[in-house]
Amino acid sequence: QVQLVESGGGLVQAGGSLRLSCAASGRTSSKYNMAWFRQAPGKEREFVGAISWSGGYIHYADSVKGRFTIARDNAKDTVYLQMNSLKPEDTAVYYCATDMSRSAIAPYADAMHVWGKGTLVTVSS
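In this text, all values refer to a predicted model and were calculated from it rather than measured experimentally.

**Student:** If you had to explain the overall build of the protein chain to someone new, which residues and values would you point to?
**Tutor:** Along the protein chain, the regular secondary structure elements total zero helices and eleven strands. Starting at the N terminus, the α and β elements of the protein chain follow one another as β-β-β-β-β-β-β-β-β-β-β. A compact globule built from 125 residues should have a C-alpha radius of gyration of about 14 Å, and the protein chain, at 13 Å, falls within 12% of that. Seen along its three principal axes, the alpha-carbon backbone of the protein chain occupies a region of about 40 × 25 × 25 Å. A separation threshold of at least 6 residues defines the contact pool for the protein chain, and within that pool the share at least 24 residues apart is 58%. Element-wise, carbon and sulfur atoms account for 50% of the exposed surface of the protein chain, whose accessible area totals about 6400 Å². Treating the 13 positive side-chain charges of the protein chain as one cloud and the 10 negative ones as another, the clouds have centres 5 Å apart.

**Student:** If you had to explain the nonpolar core to someone new, which residues and values would you point to?
**Tutor:** Among the nonpolar cores identified, the biggest contains 34 residues, and W36, F68, L81, M83 and Y94 are the most heavily contacted of them. If near-sequence neighbours (up to four positions away) are discounted, M83 is found in contact with G16, S17, L18, L20, R67, F68, Y94 and V121.

**Student:** Which residues make up the pairing of strand β4 (residues 34-39), and what are the values?
**Tutor:** The buried fraction of β4 amounts to five of the six residues, a majority that puts the element mostly inside the structure. Bridge analysis of β4 against strand β5 (residues 46-51) gives five bridges, and the strand direction is antiparallel. Looking at the pairing, F37 lines up with F47 of β5.

**Student:** Before we move on, can you summarise the side chain of D90 with the specific residues and values?
**Tutor:** You can see D90 is positioned in the loop between β8 (78-83) and β9 (92-98). Exposure remark for D90: the relative accessible area of 0% places this residue in the buried category. Polar contacts involving the side chain of D90 include one to the main-chain amide nitrogen of K87, which spans 2.8 Å.

About the cut-offs
Residues numbered from 1 in each chain as written. Predicted model: local features only at pLDDT ≥ 70, side-chain atom pairs only at ≥ 80, totals over all residues. Heavy atoms only, no water. Helix = DSSP H or I, 4+ residues; strand = E, 2+ residues; numbered from the N terminus. Rg over C-alpha atoms; globule rule 2.2 N^0.38 Å. Contact = heavy atoms within 4.5 Å. Areas by Shrake-Rupley, 256 points an atom, 1.4 Å probe, with all protein chains shown as cover. Lys, Arg positive; Asp, Glu negative; His and termini not counted. Charge placed at Lys NZ, Arg CZ, Asp CG, Glu CD. Core = buried A, V, L, I, M, F, W, Y, C linked by side-chain atoms within 4.5 Å. Buried < 20%, exposed > 50% of the residue type's maximum accessible area, 1.4 Å probe, protein only. Pairing = 2+ DSSP bridges. Polar contact = N/O pair within 3.5 Å; in protein donor to acceptor, adjacent residues only side chain to side chain.

Structure representation (structure tokens):
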């Protein structure tokens, strides 16, 4: 099994930046597709972006396109979410997840098999 641990959340002013990390442990000899989701208070969990197992394919939600960047370092078993030009509406708990697959990524929470516990990002206005 794979375990995921997010880090890097915190409080930032609007317009600022944060970089989240997601470290994988356990059965990481096989690299899998990874995704980021977020959940704001009182709202459903929503897709933020995903990266294929090789890093060759990356997909973003329209709400973060041009502001957020996903990258991965397979040697370190870590995926990153660089968030720039943050807005108050980006405030949420951010989760990383994996579908434990190397096939095409389905950007849905139901497609994910393993989740981290999340890290809180708060953007003040």
